[in-house]
Amino acid sequence: MVIDGFVEDVSRTGLFLRAPKLVATGSSAAIEIELPGEPPLYLTAEVVRVEHSPTRAGMGLRIVADAQDRRPLANFIMRQHATLRRAG
């Protein structure tokens with residue numbers, strides 16, 4: 001099953017994906033993340049939380065990979081954070 005969604009929140013160890021389709025807590029997921037200015041990033045994750053309400057529907061995903069595999073995402077987060085700090 002392919003689920004398109006919007007990453008609402010991200011950290012070094014996980015993310016929250018707003019999506020119209022949901023899968024059960026404990027499910028495994030293969031994630032392809034398109035980062036601006038970067039090649040696509042492929043990660044393995046586990047669904048740790050599911051929210052389904054009129055105001056917010058999506059899944060909390062914990063990245064289950066070696067620290068080396070998470071590094072491109074962490075580097076992107078740090079660059080974005082630095083850019084926002086300079087702009088603010």
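Residues numbered from 1 in each chain as written. Predicted model: local features only at pLDDT ≥ 70, side-chain atom pairs only at ≥ 80, totals over all residues. Heavy atoms only, no water.

Trainee: Even after reading the chapter, I still don't get the sheet that holds strand β3 (residues 28-33), so can you show me in this structure?
Mentor: Consider a sheet: its strands pair through backbone hydrogen bonds, and that pairing is either parallel or antiparallel. In space, the five strands of this open sheet follow the order β1-β2-β5-β4-β3, with antiparallel pairing throughout. The open sheet is flanked by β1 (6-10) and β3, the only strands paired with a single partner. Within this sheet the neighbouring strands show an average axis-to-axis angle of 40°, counted without direction. Two strands pair when backbone bridges link them, and β1 and strand β2 (residues 14-18) are joined in this way by four bridges, in the antiparallel orientation. Bridge pairing links V7 to L17 in β2. (Pairing = 2+ DSSP bridges. Helix = DSSP H or I, 4+ residues; strand = E, 2+ residues; numbered from the N terminus. Axes fitted to C-alpha atoms, helices over the stretch in contact; angles between N-to-C directions.)

Trainee: Could you clarify how one ought to interpret the environment of A24 in this entry?
Mentor: Of note, A24 is situated in the loop between β2 and β3. Considering only alpha carbons, one finds A24 and E46, 22 residues apart in sequence, at a separation of 9.8 Å. Discounting residues that sit within four places of it in the chain, A24 has contacts with V47 and V50. (Contact = heavy atoms within 4.5 Å.)

The values reported here are purely geometric and, on their own, carry no functional implication.
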